[in-house]
Amino acid sequence: MKYRLAFLAFCAAMSIAAAAAPPPRPDLIVGAVVASNGIVTIRVHNQGNAPAAACKVNLSLGTPIGTAHSYDQPAIPAGQWRSVTIHVNKPLAGVHYTVRDDVTHIVTESNETNNARAGNF
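In this text the structure is predicted, and so the values were computed from the model without any measurement.

This part covers the sheet that holds strand E6 (residues 96-101). Taken in spatial order, the four strands of this open sheet run E4-E3-E6-E7, and their pairing is antiparallel. Edge strands, defined here as strands with exactly one partner in the open sheet, are strand E4 (67-73) and strand E7 (116-120). Here the strands of the sheet are splayed against their neighbours by 15° on average, with no regard to which way each runs. Note that strand E3 (residues 55-61) and E6 share five bridges and pair antiparallel. Its bridge partner lying in E6, Leu61 is registered against Tyr97.

As structure tokens, this is what we get:
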């Protein structure tokens, strides 16, 4: 009887441990944001352990351009990088930018708080 109770306790503990493991999820982060000759290239990394579906990345450009648009971003396998290239066709030197990935919240990520990057070109 003692061994049976120990075995049942062990099985219950294993069941709880298995249920507590989170499912694999993607985790998108904005890497480099580079501007050259009126073209912005945004590098996005899926540092998660599951593929990320295609979604939208938003680029906001400050004065003197003053625009914000969302662009298609391809699906990204776990551990991989993808680039989104945007033709702005305006001088970008000194312009402040903000990039937000998965702005429409299509991708359920392991960390939803690390999807933005800001700076100046």
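What follows continues from the structure just given.
Pairing between side chains of opposite charge can happen when the charged atoms of each approach one another. Considering all chains together, one arrives at one salt bridge under this definition. Across the pair Asp72 and Lys56 runs a salt bridge whose closest N-O atoms are separated by 2.5 Å. Here Lys56 lies in strand E3 and Asp72 lies in strand E4, a separation of 16 residues in the sequence. Using a relative accessible area of 29% as the deciding quantity, one classes Lys56 as partly exposed.

The rules behind each value
Residues numbered from 1 in each chain as written. Predicted model: local features only at pLDDT ≥ 70, side-chain atom pairs only at ≥ 80, totals over all residues. Heavy atoms only, no water. Pairing = 2+ DSSP bridges. Helix = DSSP H or I, 4+ residues; strand = E, 2+ residues; numbered from the N terminus. Axes fitted to C-alpha atoms, helices over the stretch in contact; angles between N-to-C directions. Salt bridge = Lys/Arg side-chain N within 4 Å of Asp/Glu carboxyl O. Buried < 20%, exposed > 50% of the residue type's maximum accessible area, 1.4 Å probe, protein only.

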